[in-house]
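# Close look at the chain arrangement
If you want the building blocks of each chain, they are given just below.
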Amino acid sequence: MSALAARVTLFAKYRSFSCKFFTAVRRSLFSHEILGIENFKRLRIFGNDRLGDTRDQFIQNLVTARDNEAKRKGLVRDVVQLVYIAETKCEVSLIADLLKQLHCNQTEDTTSVEGGEVANDELHSSGPGRIHFGPLLMRLLYILGQTDTALNLWENEELEPLFQNVTCYLLLMDMLYEGKQYDRVVSTFTRLQDSNLSAIKYPPDCTTLALAALYQLAQHDYALNLCENAPKKNETLFRNMKTMALAGLGRIDEAISLMEDGLWTDVPTTVQNWHFVRRHSALCGGTSQARR
């Protein structure tokens with residue numbers, strides 16, 4: 001009975017830790033720095049400082065360009081600047097309108113953006129000269145807390161090519177998770193898997209958010225199925241979630257067994273061998289004494 005009690009106590013402690021896993025640890029895994037948010041904020045400061053008192057006139061010029069086709073040529077750099085300084089829904093709407101117009105112009109030269117403010121993969125998609133502002137726009141909406149706007153733009157057919165990027169999926173899923181839209185997190189992850197955007201069917205960061213959402217939804221069957229179909233490369237993540245899913249399904253013995261197996265994952269082989277020798281010696285010693 002004492003051995004069983006010890007196992008139950010150990011499992012209870014593990015469950016207590018697991019309940020906090022996706023609220024405390026998740027934010028460490030997906031910090032703003034990892035998501036590119038902190039760097040984006042720094043560039044926002046530089047962008048606003050650069051414009052100074054001319055900010056309002058700059059935006060008005062872009063409004064005029066949106067409504068006047070003759071003035072749209074060479075706007076890529078200005079649109080990038082607008083993405084960095086936008087603060088209101090009207091300005092976000094202006095960005096969306098300009099991106100739709102620029103994205104239709106396949107011959108637009110987007111290689112002239114300077115200052116290292118935007119990585120090439122964020123400006124271009126696979127086609128020559130096609131802009132790809134998806135990650136930048138998602139970071140802006142993340143900062144502004146406009147999750148619903150991000151979702152609407154992401155689902156817009158005209159802008160869809162801009163968001164065909166794993167980074168966009170990660171940012172959107174994180175926003176949805178923060179907004180407690182767990183069903184949307186799962187559906188977005190499913191769409192990512194169906195899109196074949198990545199050679200990796202289970203991108204670790206996106207998969208972690210999907211598992212976290214499933215945990216919040218108590219969809220243990222789905223989570224267990226995902227863990228069993230996932231590759232063994234991220235064994236620790238999937239083993240932890242599988243343990244929680246098994247416990248949620250009431251399969252306590254399997255959960256405890258899986259948890260105990262995981263205790264040795266990060267233990268050096270020499271220590272494991274030493275532990276085996278000690279156990280073997282203890283067993284042999286006990287047997288010898290019994291025979292005497």
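Residues numbered from 1 in each chain as written. Predicted model: local features only at pLDDT ≥ 70, side-chain atom pairs only at ≥ 80, totals over all residues. Heavy atoms only, no water.

### Here we look at the nonpolar core
Selection criterion: Take the buried residues of types Ala, Val, Leu, Ile, Met, Phe, Trp, Tyr and Cys, join any two whose side-chain atoms come within 4.5 Å, and each joined set is a nonpolar core. Exposure categories follow from relative accessible area, calculated using a 1.4 Å probe and restricted to protein chains: below 20% of the type maximum is buried, above 50% is exposed, and the middle band is partly exposed. Secondary structure is summarised from DSSP: a helix means a run of H or I of at least four residues, a strand means a run of E of at least two, and numbering begins at the N terminus for each.
L82, M138 and L211 are the most contacted members of the largest nonpolar core, which has 76 residues in total. Element by element, the count of residues in this core is highest for helix 9 (residues 166-178), at nine residues.

### As for the confidence of the model for the protein chain
Put simply, the test is: The quantity known as pLDDT measures the predictor's confidence residue by residue, on a range of 0 to 100. Here a residue-residue contact requires only that any non-hydrogen atoms of the pair lie within 4.5 Å.
Looking at the protein chain as a whole, its pLDDT mean stands at 76, while 67% of the residues score no less than 70. Taken element by element, the predicted model of the protein chain shows its lowest mean pLDDT in helix 6 (residues 120-123) (38) and its highest in helix 7 (residues 134-144) (95). Here residues 20-29 is a poorly scored stretch, pLDDT under 50, and it has 21 contacts once near neighbours within four places are set aside; other chains count. Contacts from residues 106-130, a stretch scored under 50 in pLDDT, to residues over four places away or in other chains number 53 contacts.

### Looking at the packing of aromatic side chains
Cut-off, in case you're wondering: Classification of ring pairs uses Phe, Tyr and Trp, with its six-membered ring standing for Trp, and accepts pairs whose centres are within 6.5 Å; under 30 degrees between planes counts as stacked, over 60 as edge-to-face, and the remaining range as tilted.
The final tally for this structure, using the stated rule, is three aromatic pairs. Geometrically, the ring pair formed by F40 and Y84 is tilted, given 5.0 Å between the ring centres and 35° between the ring planes. Taken together, the residues span a long stretch of sequence, with F40 in helix 2 (residues 37-51) and Y84 in helix 4 (residues 76-85) at a distance of 44 residues. Between the aromatic rings of W154 and Y169, the centroid separation amounts to 5.4 Å while the plane-to-plane angle is 90°, which identifies the pairing as edge-to-face. Note that W154 is positioned in helix 8 (residues 147-154) and Y169 in helix 9, a separation of 15 residues in sequence. We classify Y169 as buried; its relative accessible area is 1%.

### Looking at helix 13 (residues 235-248)
As a reminder of what qualifies: To estimate how far a helix should extend, the number of its residues minus one is multiplied by 1.5 Å.
End to end, helix 13 covers 20 Å across 14 residues, agreeing with the expected 20 Å (1.5 Å per residue, within 8%). Burial analysis of helix 13 places ten of its 14 residues in the buried class, which makes it a mostly covered element. Every buried residue belonging to helix 13 is among L237, F238, R239, N240, M241, T243, M244, A245, L246 and A247, and all of these are buried. Remark: G250 follows helix 13 within two positions and exhibits a positive phi of approximately 85°.

### Considerations on the pattern of salt bridges
Under the convention used in this document: When a carboxyl oxygen of Asp or Glu is within 4 Å of a side-chain nitrogen of Lys or Arg, the pair counts as a salt bridge.
Scanning the entire structure with this criterion turns up eight salt bridges. E38 serves as the salt-bridge partner of K41, at 4.0 Å between the closest nitrogen and oxygen. Of this pair, K41 and E38 both sit in helix 2, three residues apart, which is roughly one turn of that helix. Among the ionic pairs, K242 bridges to E228, the shortest N-O distance being 4.0 Å. With K242 in helix 13 and E228 in helix 12 (residues 220-229), this pair connects stretches of sequence that are 14 residues apart. On the accessibility criterion, E228 (44% relative accessible area) is partly exposed.

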